[in-house]
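# Coordinate analysis (summary)
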Amino acid sequence: MSDAPIQAWCDVRLFDGVHDHPEPMAVIVRGERIDTVVPMRELAADALDGAKVLGRGGVLTPGLVDCHTHLVFGGQRADEFEQRLEGVSYQDIAAAGGGILSTVRATRQASEAELFERAAARLEAMLADGVTTIEIKSGYGLTVADELKCLRVARELGERYPVRVFTTLLGAHALPPEYADDADGYIDLVCREMIPAAVESGLADAVDVFCEKIAFSVAQCERVYAAAAEHGLPIKAHVEQLSNLGGAAAAARHGALSVDHIEYLDNEGIQAMADNGTTAVLLPGAFYTLRETQCPPVQALRDAGVPMAVATDGNPGTSPLFQPTLMLNQACTLFRLTPKEALSGMTRYAARALGQSDFGTVAVGQIADLCVWNIEHPAELAYAVQPQRLRQRVLAGRVLG
Ligand code: NIG
Ligand code: FE
């Protein structure tokens, strides 16, 4: 510990994950962890002894945490984009066998190496935008072997790139054609084979579902939650995106880490989330892409004290948007979050949505996952959509470019 390298950033404008500090601050990192966070004027004369000063000025924030992505998939859906421009709805495209199932066909056909290569390109863009932690879901395989294939790719991304990866099994994403008219039979497969296989291979950190008329019912999702609990995995859920099925309340009562989308969330859902400590994950990219008009109940979530995270939902259908800082902008412009709320939503509360609390804030003792930006004010990250503002990305004290 004593010979761990000491690194310092001086005269930074700090957003620590919760608060903006207008006066110049110093952040000192010892080894992997944050050692000191102090205003420059209070910095002890010997505080920087033995420290390497790695930067002066700029804005320092926690590394960005994208807590909801579908980064691993085959093919693309530009044709559906054009169909939607002509007025065909996302639900109609799904009912005709397109949508998620179109990506399932392409993902099943793709080799693991191809999936890796395509996802790696998307990941590189996200790292350049400040991501230090990313959650990656499966959900485009829908067989045991194809779901595991996608989860392996997600794990490998975390091994080959300097980023923390959390993987989520989303077997209950859509009903695959082999199970048409037998949704309960498919849920049996998810519960009895997919979840155990994912647990045995150590490939999943959590389990997710899509609770919606075009996907699975609350009762079917509850069977998945029970199986996940039996195997010791936390749950997350896509709920109330296109309609209200009461999925958020059900997931929260099962102890979900997060419920995601929630445009159609009602008061019962909000209360259940508040009671169970469930984080709300807002996905403005999907709202924007589908030209939704009903916003998530942001003010009611604030009033109930439910923490709000913000994520890209990066996927080939509803959010082909792989730029986290764009989501900060959209969360403010479309959902009326404050820039501070949006930034907390992609740092502290995004970590919380993954069940993590030792990164996502800049505080003494936290893991040093940080970003330093070439801007003057933290709100600029939400205000302007402008790539290449990242000066340094720091992962557990390791400075990366
Ligand atoms: O988060 N809501 C369900 N799943 C994805 C969309 C998947 C797709 O259209 O490919 C989402 O929006
Ligand atoms: Fe999603």
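Residues numbered from 1 in each chain as written. Chains lettered and ligands numbered in written order. Predicted model: local features only at pLDDT ≥ 70, side-chain atom pairs only at ≥ 80, totals over all residues. Heavy atoms only, no water.

## Thoughts on the overall build of the protein chain
Filter applied, for reference: Working definition: helices are DSSP H or I runs of at least four residues, strands are E runs of at least two. Numbering for both runs from the N terminus. Two residues qualify as a contact provided that any one of their heavy atoms is within 4.5 Å of a heavy atom in the partner residue. In these tables, accessible area is a Shrake-Rupley quantity obtained with a 1.4 Å probe, and a residue counts as shielded only by the protein chains included in the view. When charges are counted, Lys and Arg are positive and Asp and Glu negative, with His and the chain ends excluded. For the purpose of locating charges, the reference atoms are NZ of Lys, CZ of Arg, CG of Asp and CD of Glu.
Counting its regular elements, the protein chain contains 15 helices and 16 strands. Principal-axis analysis of the C-alpha atoms gives the protein chain an extent of 70 × 40 × 40 Å. By sequence separation, contacts in the protein chain at least 24 residues apart represent 71% of the contacts at least 6 residues apart. Carbon and sulfur atoms form 49% of the exposed surface of the protein chain, whose accessible area is close to 15300 Å². In the protein chain, the 33 positive side-chain charges and the 52 negative ones have mean positions that sit 4 Å from each other.

## Focus: the coordination of the iron ion (ligand 2)
The condition that has to hold: Donor atoms (N, O, S) are those found within 2.8 Å of the metal centre, with the cutoff raised to 3.2 Å for Na, K and Ca; water is not part of the atom list, so apparent gaps in a site can occur. Relative accessibility thresholds used throughout: buried, under 20% of the residue-type maximum; exposed, over 50%; partly exposed, between the two (1.4 Å probe, protein chains only).
Here the iron ion (ligand 2) is held by the protein donor atoms H68 (NE2), H70 (NE2), H238 (NE2) and D313 (OD), which lie 2.0 to 2.3 Å from it. Accessibility expressed as a relative area gives 0% for H68, which makes it buried. You can call H238 buried: its relative accessible area is 3%.

## Here's the deal with the site of ligand 1
Filter applied, for reference: To be near a molecule or strand, a residue needs just one of its heavy atoms within 4 Å of it. Here a polar contact is taken to be a pair of N or O atoms separated by no more than 3.5 Å, where protein atoms must pair a possible hydrogen donor with a possible acceptor and residues adjacent in sequence count only if both atoms sit in side chains. Three residue categories are used. Nonpolar comprises Ala, Val, Leu, Ile, Met, Phe, Trp, Tyr, Cys and Pro, charged comprises Asp, Glu, Lys and Arg, and polar comprises the others, including Gly.
Around ligand 1 sit 15 residues in total, of which R77, Y90, Y140, H173 and T318 are the nearest. Within the contact set of ligand 1, an oxygen atom lies 3.3 Å away from a side-chain nitrogen or oxygen of H70. For ligand 1, an oxygen atom lies 2.6 Å from a polar atom in the side chain of Y140. Relative to its unbound accessible surface of 330 Å², ligand 1 loses 100% to contact with the protein. Split into classes, the residues belonging to the shell around ligand 1 amount to four nonpolar, nine polar and two charged.

## Digging into helix 4 (residues 112-128)
As a reminder of what qualifies: A helix is expected to span 1.5 Å for every residue after the first.
Between its terminal C-alpha atoms helix 4 stretches 24 Å, which fits the 24 Å expected from 17 residues at 1.5 Å a residue. Among all positions in helix 4, only L115, F116, A119, A120, R122, L123, M126 and L127 are buried. Summarising the contacts, the buried residues of helix 4 are in contact with strand 6 (64-66), helix 3 (100-109), strand 7 (131-137), helix 5 (144-160), helix 12 (324-335) and strand 15 (390-395). Of the residues trailing helix 4, G130 is marked for its positive phi of about 105°.

## Here we look at the sheet that holds strand 7
The line we're drawing: At least two bridges found by DSSP between two strands are what make those strands a pair. Here an axis means a line fitted to C-alpha atoms, over the contact stretch when the element is a helix, while the angle between two N-to-C directions is reported on a 0 to 180 degree scale.
Overall, parallel pairing links the four strands, which are arranged 6-7-8-9 in an open sheet. Strands with a single pairing partner mark the edges of an open sheet, and in this sheet they are strand 6 and strand 9 (206-209). Each strand of the sheet is rotated relative to its neighbour by a mean of 20°, with strand direction disregarded. Of the pairings in the sheet, the one linking strand 6 to strand 7 comprises three bridges and is parallel in character. Pairing of L64 across the sheet is with V131, part of strand 7. Sheet contacts for helix 5: strand 7 and strand 8 (164-172); angle to strand 8, the most-contacted strand, approximately 170°. Helix 6 (residues 183-200) rests against strand 8 and strand 9 of the sheet, and its axis sits at about 155° to strand 8.

## A word on the side chain of T61
Its place among the elements puts T61 in strand 5 (residues 59-62). Within the structure, T61 has its side chain in polar contact with the side chain of W373 (distance 2.9 Å).

## A few points about the pairing of strand 14 (residues 370-373)
Side chains of strand 14 alternate between two faces, with L370 and V372 and C371 and W373 buried alike. Bridge analysis of strand 14 against strand 15 gives four bridges, and the strand direction is antiparallel. When the bridges of strand 15 are listed, W373 appears paired with L390.

## Concerning the nonpolar core
Applied cut-off: Among buried residues, the Ala, Val, Leu, Ile, Met, Phe, Trp, Tyr and Cys ones that are joined through side-chain atoms within 4.5 Å form a nonpolar core.
Counting residues in hydrophobic clusters, the biggest one holds 103 residues, and the most contacted among them are V72, I134, L157, V224 and L301. No other element matches helix 6, which puts 10 residues into this core.

## Topic: the environment of E42
Relative to the helices and strands, E42 is located in the loop between strand 3 (33-39) and strand 4 (51-56). On the basis of relative accessibility, which here comes to 45%, the residue E42 falls in the partly exposed class. Here the alpha-carbon distance between E42 and M25, two residues 17 residues apart in the chain, equals 9.1 Å.

## Concerning the packing of helix 5 against helix 6
How two helices pack is summed up by the angle between their axes together with the distance between the axes. Using the following cut-off: Put simply, a crossing is left-handed when the front helix is turned counterclockwise from the back one by less than a right angle, and right-handed when it is turned clockwise.
Between helix 5 and helix 6, whose axes approach to 10 Å, the crossing angle comes to 35°. Both helix 5 and helix 6 take part in a crossing whose hand is right-handed. Contact residues: V144, E147, L148 and L151 in helix 5; L189, E193, M194, A197 and A198 in helix 6. Along the lines of polarity and charge, the residues of the contact of helix 5 with helix 6 split into seven nonpolar, no polar and two charged.

## Comments concerning the packing of aromatic side chains
Stated precisely, the cut-off is as follows: Note on aromatic contacts: the rings of Phe and Tyr and the six-membered ring of Trp form a pair at centre separations within 6.5 Å, being stacked when their planes are under 30 degrees apart, edge-to-face when over 60 apart, and tilted otherwise. A ring has a charge above it when a Lys NZ or an Arg CZ is no more than 6 Å from the ring centre and no more than 35 degrees off the ring normal.
Summed over all chains, the structure comprises six aromatic pairs. Above the plane of the ring of F322 lies R122, whose end atom (NZ or CZ) is 5.8 Å from the centre. Directly above the ring of F359 sits R164, whose terminal nitrogen or CZ lies 5.3 Å from the centroid.

## A word on the sheet that holds strand 12 (residues 279-282)
With respect to topology, four strands assemble into an open sheet ordered 10-11-12-13, the strand pairing being parallel. Edge positions in the sheet fall to strand 10 (236-239) and strand 13 (308-310), since each of these pairs with one other strand and no more. Between one strand axis and the next, the sheet turns through 25° on average, direction left out of account. In this sheet, strand 11 (residues 258-261) lies alongside strand 10 in parallel orientation, the contact comprising four bridges. Bridge pairing in strand 11 links H238 to D260.

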